[in-house]
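One-letter residues, chain by chain:
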Amino acid sequence: MAEVVGNPKVVRGRARPRGGSRKSKTGPRPFGALAWALPPVAALVLFFLYPLALVVRQSLRPDTGGTSLQAYADVFASEAFRHALWTTVWLALAATAGCLLLGFLLALVIAFVPFPGARAVARFIDVYLSFPSFLITLALLFLYGGTGVVGSFQFLTTPWGVLLAEVTYFTPFVMRPLLAAFAQLDTAQLEAASSLGARAPRIVRRVILPEALPALAAGGSLVLVLCLNEFGIVLFTGAKGVTTLPMLVYGKAILESDYPGACAVAVVNVLISVGLYGLYRVVSRRAGA
Amino acid sequence: MGIRFDSVTVAYDGNVVLDSLDLTVEPGEVMALLGPSGSGKTTALRAVAGFVRPASGRVYLGGEDVTDLPPYRRGIGMVVQSYALFPHLRVDENVAFGLKARRTPKGEIRQRVAEALELTGMAGYARRHPRELSGGQQQRVAIARALAIRPRVLLLDEPLSALDARLRSGMLTELARLHRELPDVSMLYVTHDQVEALTLADRIAVMDSARLRACGTPRELYRAPTDAFTASFVGGANLVPVTVTAGGVSLAGTELKLDTAGAAVGARATLCVRPHLVGLGEGPNRLPGTVREIQWRGATHRLYVEVDGHTVMADVRELKAPPALGDTVDLHFAPDDGVLLPAGVSHG
Amino acid sequence: MLVHSRKARWAAWAVFLVLFLPLFALPLLVILGASFATHWSGALPSGPTLDHYRSATRGEALQALTTSLVTAVAASLLALTAGTWAALAGAALRKRHRRVLDALFVLPVAVPSVVVGLAVLVAFSQPPLLLNGTRWIVITAHTVLVTAFAHQSVSAALTRLDPAYEQAAASLGARPAYILFRVRLPLLLPSLTAAAGLCFALSMGELSATMMLYPPDWTPLPVLVYAATDRGALFTGSAVAVVLMAATLLVLFAVSRVRTRASYR
């Protein structure tokens with residue numbers, strides 16, 4: 001027997017997203033829309049893609065004329081390039097790992113063990129992000145540099161100095177998405193977990209970490225790319241011992257005026273960075289971040 | 001100025017959300033589109049507004065085919081659930097928006113904005129911003145904004161569902177008054193709330209699963225529904241599977257008198273009786289059963305009585321001495337209060 | 001609350017302070033302290049002086065400040081225009097096309113700034129567009145670098161914008177252009193100012209691409225800071241860096257005031 005009460009919740013038919021009441025356009029006008037997208041794309045092509053294409057072309061055209069892969073052969077053969085490539089990659093990976101660890105720890109305390117002034121700290125992080133990276137190295141120069149406070153062992157001219165500076169500067173880039181993710185975490189979940197007798201490390205591992213993974217993935221990959229591309233921090237150390245790919249590009253182009261060589265290094269650098277960034281976009285989209 | 005749907009079909013990505021709708025709203029009429037969510041009622045309204053393009057079929061406004069016109073050329077007023085008042089504009093600027101967009105002369109704008117605010121009782125709030133108003137006030141401004149352009153038709157998409165129950169009944173009275181003051185404006189009123197539809201509409205179109213199920217005056221649909229879905233959605237209903245006999249129907253051996261309107265004897269059918277038409281105690285068309293649940297609702301008691309394996313609801317005047325759970329009671333209903341519907345899928 | 005016992009809470013805060021203060025607060029304090037000092041050989045800077053600020057606010061440094069401000073304002077406005085246009089155009093596109101557009105406009109983030117500098121240098125040192133040696137080459141490079149950020153923040157704001165507003169406007173008889181200028185852009189104003197602030201800050205601190213292509217008569221502040229440190233004048237460099245930070249913060253503060261007013265309406 002059908003029992004139907006006053007105002008029935010009849011659930012019939014296919015499940016449909018929100019009755020189609022939102023999100024539909026005012027009738028598709030694909031042609032007009034494409035035309036409107038043209039001017040900004042044209043500007044991007046003229047000021048960004050065309051110059052990049054010229055870099056690729058120049059890398060294939062040595063000063064002696066003609067077209068050859070000579071520049072690439074020279075670059076790959078050189079000890080300096082291989083060294084720079086290795087330094088760039090391991091520095092970026094190590095800095096990313098450091099930022100993830102440190103950022104996770106700090107964000108955890110700000111979000112879940114709040115103290116008076118925690119919000120001010122969060123604001124400070126936002127401000128911090130608007131400062132240029134080389135300020136960090138500048139400060140480190142006072143602390144660890146030749147005439148530094150801590151002493152004049154040549155810490156800054158080693159990769160470890162660069163690593164410290166990069167971790168310091170880029171950690172907030174991880175903390176910001178993390179804090180946003182933590183803000184959405186239902187505190188009821190934490191309370192339920194702790195009422196069931198779970199201790200803090202277990203709650204972090206079982207409840208917080210899974211929720212934070214998309215933010216960690218997104219922030220971490222962004223930091224990885226930014227570290228691969230970082231120039232100011234390395235330049236300011238004035239270190240001859242630490243050469244990364246962007247430094248090599250700068251050195252070859254500006255100091256040695258070897259444009260084909262600089263362009264060849266640039267192409268390699270772009271491929272690595274864009275490849276990783278593409279990966280980052282895919283990962284963060286998968287993770288729904 | 002009326003609205004006419006001529007077998008309008010709408011599909012998103014091959015998923016049909018409105019299936020060849022044929023419906024005419026007469027000039028000056030209030031038509032409610034009533035149905036559960038996902039029934040296609042909002043899609044129908046948006047097809048009139050021009051926000052969805054039918055895959056096939058035509059939409060007419062006052063005899064003019066507007067299917068291919070962009071929304072801004074249709075001359076419709078629209079009020080949506082979220083009101084969509086422009087937060088950066090004051091109340092009077094919101095109401096003037098449509099007139100300015102049409103380059104109406106300044107003096108006329110001022111006069112028509114004042115008129116519209118007067119009509120909706122918002123004249124005292126002209127210089128406020130939307131966020132300074134309550135939900136009910138925002139609602140009035142949204143209506144004033146839609147009316148200021150003197151629309152040919154007014155489309156209302158669940159306009160009251162963001163309001164609490166008390167405000168809602170007040171706004172219903174208000175909307176009825178507005179309709180009396182603007183007798184020429186046709187209104188298409190989308191709602192999932194049968195009370196709103198019954199109160200306000202001249203006719204109700206019941207929608208379900210992208211299709212129009214029934215269309216008629218509230219009284220027709222309530223007194224003489226033609227299918228089980230309509231019967232259950234417009235007012236509550238007891239729907240019981242029965243077999244047609246010579247003088248009425250048979251419910252598990254119990255003979256009930258009923259106008260069978262020439263249905264073939266022996267055919268399976270569904271009996272529909274409104275709960276408030278079911279009485280407690282002896283009477284014609286007696287249904288003996290066991291009380292399973294009693295709800296006190298102030299003025300009435302609702303009894304859930306198990307009659308031969310089926311639950312029958314009865315709304316009776318508040319009982320001084322209600323029966324206990326498990327008591328055996330008699331229910332009854334007058335022969336002309338029962339409606340025979342085709343046997344169909346059971347709902348609920 | 002994750003940690004319940006008082007002791008554990010204090011431990012967590014202690015760890016936080018031990019990590020946070022030296023890493024993040026200290027560098028800024030060091031620069032601030034150094035900018036007022038003549039020596040730093042002990043634990044604290046010594047020989048308080050305002051000389052560095054005197055030189056950091058006149059002559060070459062003052063000109064660099066103007067250069068940086070003009071460059072950042074120009075680059076932000078250009079980037080905001082291009083990024084907003086692209087985001088608005090992208091919102092009207094079909095999903096597949098929109099993806100391509102988004103990917104194109106996000107590319108400058110992934111490409112190293114040094115390479116962007118090199119590319120712009122290579123491209124505009126030759127006809128048909130000869131910009132090398134002018135301020136325009138710096139502004140161009142900065143615009144390219146920050147457009148991606150402008151585009152991203154405006155796109156994100158656009159997807160959050162309730163389509164009911166545009167639809168209400170359209171039903172009231174407003175044409176698309178009228179809706180754009182009277183409804184969508186005003187509603188986007190808070191996001192637009194936020195994007196402008198971000199672009200401005202990024203451009204103010206830009207060093208990588210600038211080092212590749214700045215002409216001698218268009219030296220932005222970061223280059224000046226580098227020049228000072230490179231010749232060993234760390235204290236002067238610090239003072240210039242403080243001026244740079246202060247100018248950035250001041251503008252960001254002004255922008256956020258505009259934003260508060262825009263969102264309050």
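Residues numbered from 1 in each chain as written. Chains lettered and ligands numbered in written order. Predicted model: local features only at pLDDT ≥ 70, side-chain atom pairs only at ≥ 80, totals over all residues.

**Student:** Help me understand the overall build of chain A, please; the structure alone is not making it clear to me.
**Tutor:** Helix and strand content of chain A: eleven helices and one strand. Going residue by residue from the N terminus, the α and β elements of chain A occur as β-α-α-α-α-α-α-α-α-α-α-α. Each of the 289 residues in chain A was classed as buried or not, and the buried ones make up 45%. Sequence separation of at least 24 residues holds for 76% of the intrachain contacts in chain A that already meet a minimum separation of 6. (Helix = DSSP H or I, 4+ residues; strand = E, 2+ residues; numbered from the N terminus. Buried ≥ 20, exposed ≤ 12 C-beta atoms within 10 Å, placed from the backbone. Contact = placed C-beta atoms within 7 Å.)

**Student:** I keep staring at the overall build of chain C and nothing clicks. Help me out?
**Tutor:** Assigned secondary structure in chain C consists of eleven helices and zero strands. Going from the N terminus to the C terminus, chain C shows its helices and strands as α-α-α-α-α-α-α-α-α-α-α. In terms of overall dimensions, chain C has C-alpha extents of about 70 × 70 × 30 Å along its principal axes. Per-residue burial over chain C gives 50% buried out of 265 residues. Here the contacts in chain C between residues at least 6 apart in sequence split such that 71% fall between residues at least 24 apart.

**Student:** Even after reading the chapter, I still don't get the packing of helix H3 (residues 79-112) of chain A against helix H10 (residues 245-255) of chain A, so can you show me in this structure?
**Tutor:** Axis angle and axis distance: for two packed helices, these are the angle between their axes and the distance between the axes, and together they describe the pair. All names here are of chain A. It is at 8 Å that the axes of H3 and H10 come closest, and there the two elements cross at 145°. For the pair H3 and H10, the contacting residues are Ala80, Phe81, Ala84, Leu85 and Thr88 in the first and Leu245, Met247 and Leu248 in the second. Grouping the constituent residues of the contact of H3 with H10 by class yields seven nonpolar, one polar and no charged. (Axes fitted to C-alpha atoms, helices over the stretch in contact; angles between N-to-C directions. Nonpolar A, V, L, I, M, F, W, Y, C, P; charged D, E, K, R; others polar.)

**Student:** Explain the nonpolar core here, please?
**Tutor:** Within soluble globular proteins, side chains that are nonpolar tend to cluster in buried spots. Of all hydrophobic cores here, the largest spans 281 residues; its most connected members are A:Val249, B:Ala32, B:Leu33, B:Leu188, B:Tyr189, C:Leu118 and C:Cys199. When residues of this core are assigned to their parent elements, the largest contribution, 16 residues, is made by H3(A). Filtering out sequence-adjacent residues up to four positions away, C:Leu118 remains in contact with A:Val55, A:Val249, A:Ala253, A:Ala262, A:Ala266 and C:Met212. (Core = buried A, V, L, I, M, F, W, Y, C linked by C-beta atoms within 7 Å.)

**Student:** Explain the confidence of the model for chain C to me, please; I cannot follow it from the model alone.
**Tutor:** A low pLDDT score tells you not to read the predicted coordinates there in detail. Residue and element names in this part refer to chain C. Looking at chain C as a whole, its pLDDT mean stands at 86, while 95% of the residues score no less than 70. The secondary-structure element of chain C with the lowest mean pLDDT is helix H2 (residues 51-56), recorded at 74, while helix H7 (residues 163-171) shows the highest, at 92. As scored by the predictor, the complex reaches a pTM of 0.82 and an ipTM of 0.83. (pLDDT = per-residue confidence, 0-100.)

**Student:** Mind showing me how you'd approach unusual backbone geometry here?
**Tutor:** Most peptide bonds take the trans form, and the phi angle of most residues other than glycine is negative. Residues and elements named next belong to chain B. With a phi close to 35°, serine 7 is a non-glycine residue in the positive phi region. For serine 7, the location among the structural elements is in strand S1 (residues 3-12). The phi dihedral of aspartate 13 is positive, around 45°, even though this residue is not glycine. Secondary-structure assignment places aspartate 13 in the loop between S1 and strand S2 (15-25). Owing to 4 C-beta atoms within 10 Å, aspartate 13 belongs among the exposed residues under this scheme.

**Student:** Honestly, the sheet that holds strand S3 (residues 30-34) of chain B in this entry has me stumped. Any pointers?
**Tutor:** Strand pairing within a sheet occurs via backbone hydrogen bonds; the two strands may be parallel or antiparallel. All names here are of chain B. Pairing is mixed across the open sheet formed by six strands, whose spatial order is S6-S7-S8-S3-S9-S10. The open sheet has two free edges, formed respectively by strand S6 (76-80) and strand S10 (211-216), since each of these has just one partner strand. When strand polarity is set aside, the average angle formed by the axes of neighbouring strands in this sheet is 15°. (Pairing = 2+ DSSP bridges.)

**Student:** Mind showing me how you'd approach the sheet that holds strand S15 (residues 279-280) of chain B here?
**Tutor:** Residues and elements named next belong to chain B. The sheet built from five strands is open, its strands ordered S15-S19-S16-S17-S18 with antiparallel pairing. A single partner strand is all that each edge strand has here, and the edge strands are S15 and strand S18 (310-317). In this structure, S15 lies alongside strand S19 (residues 328-332), joined through two bridges in antiparallel fashion. Bridging from a neighbouring strand, leucine 280 pairs with leucine 331 of S19.

**Student:** What is the right way to read H10(A) from this model?
**Tutor:** Residues and elements named next belong to chain A. For H10, a buried count of eight out of eleven residues is recorded, marking the element as mostly surrounded by other parts of the structure. Turning to H10, its buried residues number three or more, namely Leu245, Pro246, Met247, Leu248, Val249, Tyr250, Lys252 and Ala253. Positive backbone phi, approximately 55°, marks serine 257, located one or two places after H10.

**Student:** What's the story with the interface of chain C and chain A in this structure? I'm lost.
**Tutor:** It is common to report an interface's size as the accessible area lost on association of the parts. The interface of chain C with chain A comprises 64 residues on the first partner and 65 residues on the second. In terms of residue count, helix H1 (residues 6-35) of chain C provides more of the side of chain C that touches chain A than any other element does, twelve residues in total. Of the residues assigned to the side of chain C that touches chain A, the class counts are 50 nonpolar, eleven polar and three charged.

**Student:** Whenever I open this one, the environment of C:Ala168 confuses me. Can you help?
**Tutor:** Mapped onto the secondary structure, C:Ala168 falls in helix H7. The spacing of C:Ala168 and C:Ile179 is eleven residues in sequence and 9.7 Å in space, taken between C-alpha atoms. Beyond its immediate sequence surroundings of up to four residues, C:Ala168 is in contact with B:Met78, B:Val80 and B:Ala84.

**Student:** Is there a simple way to explain the packing of H10(A) against helix H5 (residues 113-123) of chain C in this structure?
**Tutor:** Packing of H10(A) against H5(C) brings their axes to within 9 Å, and their N-to-C directions diverge by 30°. Taken together, the axis directions place H10(A) and H5(C) in an arrangement best described as roughly parallel. As for the relative orientation of H10(A) and H5(C), their crossing is left-handed in sense. Within the contact between the two elements, H10(A) uses A:Pro246, A:Val249, A:Tyr250 and A:Ala253 and H5(C) uses C:Val114, C:Val115 and C:Leu118. (Parallel < 35°, antiparallel > 145°, perpendicular 65-115°, else oblique. Left-handed = near helix turned anticlockwise from the far one by under 90°.)

**Student:** What should I look at first to understand helix H8 (residues 200-229) of chain A in this one?
**Tutor:** An α-helical turn contains 3.6 residues, so any two residues separated by three or four positions project in the same direction. Between its first and last C-alpha atoms H8(A) spans 37 Å; for 30 residues at 1.5 Å apiece the expected length is 44 Å, and the helix comes up short by more than 12%. At A:Leu209, H8(A) shows its maximal kink, close to 50°; a proline, A:Pro210, follows between one and four residues later. (Expected span 1.5 Å × (residues − 1). Bend = angle between axes of the 7 residues up to and from the residue.)

**Student:** Please explain the pairing of S10(B) as it appears in this structure.
**Tutor:** Residues and elements named next belong to chain B. Judged from the five bridges that link them, strand S9 (residues 203-208) and S10 form a sheet pairing that is antiparallel. Bridging from a neighbouring strand, aspartate 208 pairs with arginine 211 of S10. Where S9 folds back onto S10 in an antiparallel hairpin, the turn is made up of two residues, including serine 209, whose phi is positive at roughly 50°.

**Student:** How should I be thinking about the pairing of strand S7 (residues 153-157) of chain B in this particular structure?
**Tutor:** Residues and elements named next belong to chain B. Most of S7 is tucked away: five of the five residues are buried. The side-chain alternation of S7 yields two buried faces, one formed by Val153, Leu155 and Asp157 and the other by Leu154 and Leu156. Where S6 lies against S7, five bridges are found, and the strand directions are parallel. The partner of isoleucine 76 across the bridge, within S7, is valine 153. Since S7 and strand S8 (residues 186-191) lie parallel, the crossover through helix H5 (residues 165-181) that links them has a hand, and here it is right-handed. (Right-handed = clockwise from strand over helix to strand, strands pointing away.)

**Student:** Which parts of the structure should I look at to understand the confidence of the model for chain A?
**Tutor:** Residue and element names in this part refer to chain A. Scored by pLDDT, chain A has a mean of 77; 80% of the residues are at 70 or more. The least confident element of chain A, judged by mean pLDDT, is strand S1 (residues 2-4) at 35; the most confident is H3 at 89. Counting interchain partners and residues more than four positions distant, the pLDDT-below-50 stretch residues 1-28 has 49 contacts.

**Student:** Got a minute to help me understand the environment of B:Asp6 in this structure?
**Tutor:** All names here are of chain B. Note on placement: aspartate 6 falls in strand S1. Of the residues examined, aspartate 6 has 17 C-beta atoms within 10 Å and is grouped as partly exposed. Residues aspartate 6 and glycine 124 lie 118 residues apart in sequence; the distance between their C-alpha atoms is 43 Å. Residues within four places of aspartate 6 in sequence aside, it is in contact with Asp22, Gly57, Arg58 and Tyr60.

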